[in-house]
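If you want the building blocks of each chain, they are given just below.
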Amino acid sequence: MDEDRSGYAKAHGVLMFLAWAVCGSLSIFIARFKKKEYGHWWFRLHWGINILLIVLVLTAFLCILTYLDWEWQFYDTHHGLGFIILLGMILQPILGLIAHKRWNPRRNRAPLWPDKIHWYIGYIIWITALFNIKLGMDMNPSWWEGWAYVIFYFTLAIIFTLYFVREKPNKSFEKVDVDLQKVTDLGKYSD
């Protein structure tokens, strides 16, 4: 590819990093660990951050298509995984919406369908995306200075610490005290 167009590929990488390492990690962290602390705000934050993630991913996808002269290619693992991640990213909001519509504040635990399926697919997409970022960086290592790798691995270390070293919640499906009279559609609450 033309070196003048390499900025599109670099922008693709940076946007994907912001989408998955920052937004994806933060969104999952809030949904997993902050429901009780944030009350109904956890849902608003989770939803809003994921909208930003989708915008970043779609922008990154347009950048890479521009770099490739709009010729979609599946010639390596990075491209194939990227396409699977993109499909999963489209599926996730649909599952999340179904889970939201079926939410019952009186339930004792989260059901497998659709709640836990939404969680598990979200984790798989997120972890695969982080792995795919590294594959993408390795495709053109001369583009990325040593600091880019340092930032990537430092971010992974922070994520690992927040998710796996941190004390786990008592129950990930723990009920959140919500005034049912204030609940409206899509997590909006009247105050």
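Presented here is an overview of the structure given in this document. (Residues numbered from 1 in each chain as written. Predicted model: local features only at pLDDT ≥ 70, side-chain atom pairs only at ≥ 80, totals over all residues. Heavy atoms only, no water.)

Along the chain, Tyr 67 turns up in helix α3 (residues 41-67). Note on Tyr 67: relative accessible area 11%, which makes it buried. Taking the C-alpha atoms as reference points, Tyr 67 and Ala 9, 58 residues apart in sequence, are found 6.1 Å from one another. (Helix = DSSP H or I, 4+ residues; strand = E, 2+ residues; numbered from the N terminus. Buried < 20%, exposed > 50% of the residue type's maximum accessible area, 1.4 Å probe, protein only.)

For soluble globular proteins, nonpolar side chains are generally found buried alongside one another. Of all hydrophobic cores here, the largest spans 40 residues; its most connected members are Trp 20 and Val 57. Listed by contribution, the elements that provide at least two residues to this core are α1 (6-33), α3, α4 (77-102), α5 (112-139) and α6 (146-165). Here this core takes 13 residues from α1, the largest share from any one element. Setting aside chain neighbours within four positions, we find Trp 20 in contact with Ser 25, Leu 53, Val 57, Ile 85, Met 89, Ile 125, Trp 126, Ala 129, Leu 130 and Ile 133. (Core = buried A, V, L, I, M, F, W, Y, C linked by side-chain atoms within 4.5 Å. Contact = heavy atoms within 4.5 Å.)

Let us now look at the side chain of Lys 116. Secondary-structure assignment places Lys 116 in helix α5. Although buried, Lys 116 forms no salt bridge, and the nearest oppositely charged side chain, Asp 115, lies 9.2 Å from it. If we ignore the near neighbours within four places in the chain, the residues touching Lys 116 are Ala 110 and Pro 111. (Lys, Arg positive; Asp, Glu negative; His and termini not counted. Salt bridge = Lys/Arg side-chain N within 4 Å of Asp/Glu carboxyl O.)

At their nearest, the axes of α4 and α5 sit 8 Å apart, and the two run at 155° to each other. When the axes of α4 and α5 are compared, the pair comes out roughly antiparallel. Taken as a pair, α4 and α5 cross one another with a handedness that is left-handed. Classifying every residue of the contact of α4 with α5 gives 16 nonpolar, 12 polar and two charged. (Axes fitted to C-alpha atoms, helices over the stretch in contact; angles between N-to-C directions. Parallel < 35°, antiparallel > 145°, perpendicular 65-115°, else oblique. Left-handed = near helix turned anticlockwise from the far one by under 90°. Nonpolar A, V, L, I, M, F, W, Y, C, P; charged D, E, K, R; others polar.)

With that settled, consider the pattern of salt bridges. Using the criterion set out here, one finds four salt bridges in the structure. For Asp 69, the salt bridge goes to Arg 5, with nearest N and O atoms at 3.0 Å. In this pair, Asp 69 sits in the loop between α3 and α4 while Arg 5 sits in the segment before α1, placing the two residues 64 residues apart along the sequence. Residue class for Asp 69 comes out partly exposed when judged on its relative accessible area of 47%. Ionic pairing is found between Asp 115 and Arg 107, a salt bridge with its closest N-O pair at 3.0 Å. Taken as a pair, Asp 115 and Arg 107 share a single burial class, namely buried.

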